[in-house]
Amino acid sequence: MSSRRGLSLVLAGSLGLTMALTACGGGTTRESQAQQPAAPAPSSSAAASADPSAEIPEGLKIAFLPKQLNNPYSDIEAAGGKEAVEELGGEYSLVGPNDASASSQVSYINTLIQQQQDVINIAANDPNAVCPSLNQARAKGIPVVTFDSDANPDCRDVFINQATTEGIGKTLAEQALELSGGSGKVAVLSATANATNQNAWIEVMKEELAKPEYAGVELVEVAYGDDDDQKSFQQTQALLQKYPDLKAIVSPTTVGIAAAARYISSSDYKGKVAVTGLGTPNQMREYVKDGTVKEFALWSPADIGYLAGYAGAALKAGQITGAEGETFEAGRLGEYTIGADGEVVLGPPTTFDASNIDQFDF
Amino acid sequence: MSAATAQRTQETPVPPAPPTSAVERVLKARSLGIVLALVVLVAVTAAANPLFVSGQSLRDIALSTAILAILAVGQTIVIITRSIDLSVGSVLGLSAYAAGSLLQAAPGTPIVVAIGLAMLVGAACGLVNAVLVRFGGVPALVVTLGTLYIYRGIAFFWAGGQQINADEMPGNYLGFGTATVLGVPVLVLIAAVVLVVAGIVLGRYRAGRDLYAIGSNPDAAVLAGISVGRRLLAAFVVSGALAGLAGALYAARFGTVDAAAGTGYELNVVAAAVVGGVVVTGGSGTVWGAALGALLLTVINSALPVLRIDQFWQQAIVGALILLAISTDRVLTTRLAAQLRRRNSHGR
């Protein structure tokens, strides 16, 4: 895809921004800890088999299995992974289902095992459904890196978290507070009802909203648009009918936020109900410019794939084993440290609004 | 030819004396069941939330119905001939992407040209279906199940994961998706025109009546001198072209098109037709019924979230309501058929 070159340029910019935005992202200690390329961990804590100086061999077969193919967001992630694999001189392959249902990835994992891939990078559609197959892969010496959406920690080696669950949940809560003008009803339009990410974020958002500074904001409902345009449209309509005094809709999914924005921009509710959440700049540009959406956030999806690619290669080479405190180099992103439960955190999300959206193209 | 008479001729060799008044009553009763269900549903929902019958809400329902109804009209035309077209969802996706790509590449393209292109793509897909069904000698169910995946595959391949976003589509096209004439959305007017034309052709014109004859008894249709091949071809091409039209409207309404647009729509469309009294074994049903079916399904889908029915139950409830609608319909039909039989025997 020709946009990849542009993307990395953009990323350089967005990284700077990311740092600048840490404060308004409500950066927690945990977040800032994990995001800083931390000092090398004391070698004593590294697992016995990890050899930080191991070379990454050429020609590693690194496979990416996103939640769903042909989903623009997944594709950007995978493109980042491809970039990393190419930098490492490896062999990149991309497979995946056309729907994001719980069981759809299982057959692809089995195929990857049969193809004797060296590393599997997967964004799990369901934390448990993929577990048996992933463990089969690991039993055969194929390290498993989850990115974007985690599987059960028992069945993967490292999880590339786009941002901490806390960080995103807080960002969502702050968006709700700001766009409701400090008080009023807000609703969430999520993806599917069993989406791992969204549920975790919404959980944190709820905890945040329970705090005294959010006392004026009332979360009235979590609706599920199943990441389908039509369904998200209908759910948005229903929300607006159920709660005529709704102040804002927070949609932590790229399909949902675009559908909600499109619906509101073409309805009587335009200007009365704010839309925010997580979306890609290209998708949301129209609605930011027509005033339906004031701001929304997202991390760089390409960096997630990129980091996953490097983490996978480091695992295969034996540089890391997935134990807390191990560090590895991730190309242009610098050095990363593995946190508790094998988690590697990319960094806090970037906020987009009318003033900066034109600087991004993904 | 009504379902009652069609089925009766299959079940028992009663001479097909067509009592027109009874046929009318059957049709009336069928629509009556759906209309009744609609009224009850709207009344209950409106009682729970008066906003459900507000202007914005009605407009939304009409808009959602419009796309489904256009697909259901095409589907009805095919089902009447004892075939089925399962590829419509994929055709919608492919043609929506075609229209979107054209508009993205040449933002100055007139709306009519974009719609025309989408319909052409759809018609071509329909033609492939028809040729495979006719000359491959394979049942339409199998052929269109295959092309469902083929067309979707082509769309995926073409899109290569790219999405056409609202900011890449010309404003006048997006405006067309939400424009209204005297308060009625243009999309709804287009659907109404499609419905009326199809309804009149199927009901009054030879080309339409032939389709019923083919569906009721293909062998008899051949013997009667109906060019079955040509009519089937036409039916599939029309269904494809209407799916293409629906695709163009989809792009205008949602403003975001990727290769997955319309995934799974085929089942909604078949459900709309069947709920609307179109008999899957062919030879019976009207586009009016199918459009009502589409309206009912859309209202159900809009009403359940408003009624605060748990998300997890909504799909199951939609399924149950479809079964309920069909079984009610079945009961009405058999009762009327029995009545007809009684009357006929009295008459003899």
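Model, not experiment: these values are computed from the prediction.

## Quick notes on the overall build of chain A
Reasoning step 1: Scanning chain A from terminus to terminus reveals 11 helices and 14 strands.
Reasoning step 2: Residue burial in chain A is summarised as follows: out of 362 residues, 59% are buried.
Reasoning step 3: Considering only intrachain contacts with a sequence separation of at least 6, the fraction spanning at least 24 residues in chain A is 75%.

## Focus on the nonpolar core
Residue and element names in this part refer to chain B.
Reasoning step 1: Counting residues in each nonpolar core, the largest one holds 209 residues, and the members touching the most others are Leu71 and Val73.
Reasoning step 2: No other element matches the 16 residues that helix H11 (residues 228-254) contributes to this core.
Reasoning step 3: Discounting residues that sit within four places of it in the chain, Leu71 has contacts with Val88, Leu92, Leu242, Ala243, Ala246, Tyr265 and Val269.

## Considering the interface of chain A and chain B
Reasoning step 1: Listed by partner, the interface residues are 25 residues for chain A and 28 residues for chain B.
Reasoning step 2: Sort the elements by how many residues they give to the side of chain A that touches chain B and helix H8 (residues 229-242) of chain A lands first, with seven residues.

## Some remarks on H11(B)
Along an α-helix, residues three or four positions apart point the same way, because every turn accommodates 3.6 residues.
Residue and element names in this part refer to chain B.
Reasoning step 1: Along its 27 residues, H11 runs 38 Å from first to last C-alpha, staying within 8% of the 39 Å computed at 1.5 Å per residue.
Reasoning step 2: By the criterion of burial, H11 is predominantly enclosed, with 21 of the 27 residues buried.
Reasoning step 3: Phi turns positive, to about 70°, at Gly255, one or two residues after H11.

## Quick notes on the sheet that holds strand S8 (residues 246-251) of chain A
Residue and element names in this part refer to chain A.
Reasoning step 1: With respect to topology, four strands assemble into an open sheet ordered S7-S6-S8-S9, the strand pairing being parallel. Whereas interior strands pair on both sides, the edge strands pair on one side only; in this sheet they are strand S7 (217-224) and strand S9 (274-277). Adjacent strand axes in the sheet meet at a mean angle of 25°, parallel and antiparallel pairs treated alike.
Reasoning step 2: In this structure, S8 lies alongside S9, joined through four bridges in parallel fashion. From the neighbouring strand, Val250 faces S9, where its bridge partner is Thr276.
Reasoning step 3: Along the sheet, helix H6 (residues 165-179) makes contact with strand S6 (184-190), S7, S8 and S9, crossing S8 at roughly 155°.
Reasoning step 4: Packing against the sheet, helix H7 (residues 196-209) makes contact with S6 and S7, and its axis sits at approximately 165° to S7.

## Observations concerning the packing of helix H3 (residues 55-80) of chain B against helix H8 (residues 186-204) of chain B
The relative placement of two packed helices is expressed as an angle between their axes plus a distance between the axes.
All names here are of chain B.
Reasoning step 1: With their axes 8 Å apart at the nearest point, H3 and H8 run at an angle of 25° to one another. By the angle class used here, H3 and H8 are roughly parallel. The interaxial crossing formed by H3 with H8 has left-handed handedness. Across from Ala62, Leu63, Ala66, Ala69, Ile70, Val73 and Ile77 in H3, the residues of H8 making contact are Leu187, Val188, Ala191, Val194, Leu195, Ala198 and Leu202.
Reasoning step 2: Within the contact of H3 with H8, the residues separate by chemical class into 14 nonpolar, no polar and no charged.

## A closer look at the UniProt feature "domain: Periplasmic binding protein" (unreviewed entry) in chain A
Reasoning step 1: In the numbering used here, UniProt assigns the feature "domain: Periplasmic binding protein" (unreviewed entry) to residues 62-319 of chain A.
Reasoning step 2: The distance from the first to the last C-alpha atom of residues 62-319 of chain A is 16 Å, and the span holds 45% helix and 19% strand.

Definitions and limits used
- Residues numbered from 1 in each chain as written.
- Chains lettered and ligands numbered in written order.
- Predicted model: local features only at pLDDT ≥ 70, side-chain atom pairs only at ≥ 80, totals over all residues.
- Helix = DSSP H or I, 4+ residues; strand = E, 2+ residues; numbered from the N terminus.
- Buried ≥ 20, exposed ≤ 12 C-beta atoms within 10 Å, placed from the backbone.
- Contact = placed C-beta atoms within 7 Å.
- Core = buried A, V, L, I, M, F, W, Y, C linked by C-beta atoms within 7 Å.
- Expected span 1.5 Å × (residues − 1).
- Pairing = 2+ DSSP bridges.
- Axes fitted to C-alpha atoms, helices over the stretch in contact; angles between N-to-C directions.
- Parallel < 35°, antiparallel > 145°, perpendicular 65-115°, else oblique.
- Left-handed = near helix turned anticlockwise from the far one by under 90°.
- Nonpolar A, V, L, I, M, F, W, Y, C, P; charged D, E, K, R; others polar.
- UniProt positions renumbered as here; feature names shortened; annotations may be inferred.

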